[in-house]
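Working through the structure, step by step
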Amino acid sequence: MPHRLLPNSTPTVIRTLKTARDEWNNVSNPADRAISAEQFAQLDENDPNSLLNRFLADASALQLAEAAQAPLTSAEAKLASQLTMSVSHFHQVLDLGVTRGTFNAGARSYYGRDITATTIPELSSYQAVDDAAEAVVNGEAARQKAEGAAYVPMALPSAAEVAALLTQFRDLDKQSGQAQEYTDKQRGVLNADYPAAQALAVDICDTVEFFYRKTADDATRRVQCQRWGVVYAFDNSSTPAPAPAATTTTPEVK
């Protein structure tokens, strides 16, 4: 049996409200309008403060915020991967140098590791990578100062290379964080208006179905309701009703 689907998401709520708004504008005879004037007042495209206009603006603002955030998030992830690899390789090369005798085992302590460590620092989060990279930069400077003329700089990668990536990562992380905060703010605005918009969409569906309740043929009644935004789902044994044709307005004879 066909059954009505309630608008229960931002896209379905917007689709229901816009369809009802457009059908109201298409129907010239007030007696043929299936929703009330009070309901339409919340859909009126000419009223910037109508609920639908606010909700559309909310949804658009969130989409723009997400669009601006996406490339920053992607770029940050790519740079974080490069920085993670650089820090990992720094410690692996350091350990190889300790094994060869180029560096003494105590050199590990400059970079925040135990002198007998057999594993590199944990790098499973952005903050962990940031901390480990900072330890590389500061540790290399401290080791150079402590060892004086005997100092042998690390290479492939050098601490300077790690520092350059760390600076880029922190700049991008700040931009990405600000973009995420703005996106969250816009999502909060949309969520604040969503309950009222969803309730209006459901109320419109109820009103439309009640308006056409006396239409005897079920398929015809569903087509009438669909013109106003009501959506029906059909099981495998049901035959879907034909898509409703757009309502046309008969010109007034003057």
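Just so we're clear, the structure is a prediction, and the values are computed from it rather than from any experiment. (Residues numbered from 1 in each chain as written. Predicted model: local features only at pLDDT ≥ 70, side-chain atom pairs only at ≥ 80, totals over all residues. Heavy atoms only, no water.)

Some words on the overall build of the chain
Broken down by element type, the chain carries six helices and two strands. Beginning at the N terminus, the succession of helices and strands in the chain can be written as β-α-α-α-α-α-α-β. Taking 2.2 N^0.38 as the reference for a compact globule, 254 residues should give roughly 18 Å; the C-alpha atoms of the chain span a radius of gyration of 32 Å, well beyond that estimate. Projected onto its principal axes, the C-alpha coordinates of the chain cover approximately 100 × 45 × 25 Å. (Helix = DSSP H or I, 4+ residues; strand = E, 2+ residues; numbered from the N terminus. Rg over C-alpha atoms; globule rule 2.2 N^0.38 Å.)

A look at helix α6 (residues 218-226)
Among the residues making up α6, those that are buried are R222, V223, Q224, C225 and Q226. For α6, the N-terminal capping position is held by D217, with its side-chain oxygen 3.4 Å away from the main-chain nitrogen of A219. (Buried < 20%, exposed > 50% of the residue type's maximum accessible area, 1.4 Å probe, protein only. Polar contact = N/O pair within 3.5 Å; in protein donor to acceptor, adjacent residues only side chain to side chain.)

Quick notes on the side chain of R21
Tracing the backbone shows R21 in helix α1 (residues 10-26). Leave out the neighbours within four places in its chain, and R21 touches F40, L43, E45, L52 and L56. (Contact = heavy atoms within 4.5 Å.)

Quick look at the nonpolar core
The biggest cluster of nonpolar side chains holds 27 residues, and the ones touching the most others in it are L17, I35, L43, I204, V208 and W228. Those elements giving two or more residues to this core turn out to be α1, α3 (51-100) and α5 (159-211). A per-element tally of this core places α5 first, with seven residues. Discounting chain neighbours no more than four positions away, the residues touching V208 are A34, I35, C225, W228 and V230. By size, the runner-up hydrophobic cluster in this structure holds 22 residues, among which are F90, L94, F103 and F169. (Core = buried A, V, L, I, M, F, W, Y, C linked by side-chain atoms within 4.5 Å.)

Observations concerning the environment of V93
Positionally, V93 belongs in helix α3. Residues within four places of V93 in sequence aside, it is in contact with M154, A155 and L156.

Let's talk about unusual backbone geometry
Of the consecutive residues L156 and P157, the connecting peptide bond is found in the cis state with omega at 5°. By the element assignment, P157 lies in the loop between α4 (126-147) and α5. Residue L156 is not a glycine yet carries a positive backbone phi of 55°. Structurally, L156 is set in the loop between α4 and α5. The exposure class assigned to L156 is exposed, which follows from its relative accessible area of 74%.

Focus on the packing of aromatic side chains
For the structure shown, the criterion picks out five aromatic pairs. Taking 4.9 Å as the distance between ring centres and 85° as the angle between the ring planes, the aromatic pair formed by F211 and Y212 counts as edge-to-face. For Y212, a relative accessible area of 13% translates into the label buried. The cationic tip of R213 hangs over the ring face of F210; the distance from NZ or CZ to the ring centre is 3.8 Å. (Phe/Tyr/Trp six-rings, centres within 6.5 Å; stacked < 30°, edge-to-face > 60°. Lys NZ or Arg CZ within 6 Å of the ring centre and 35° of its normal.)

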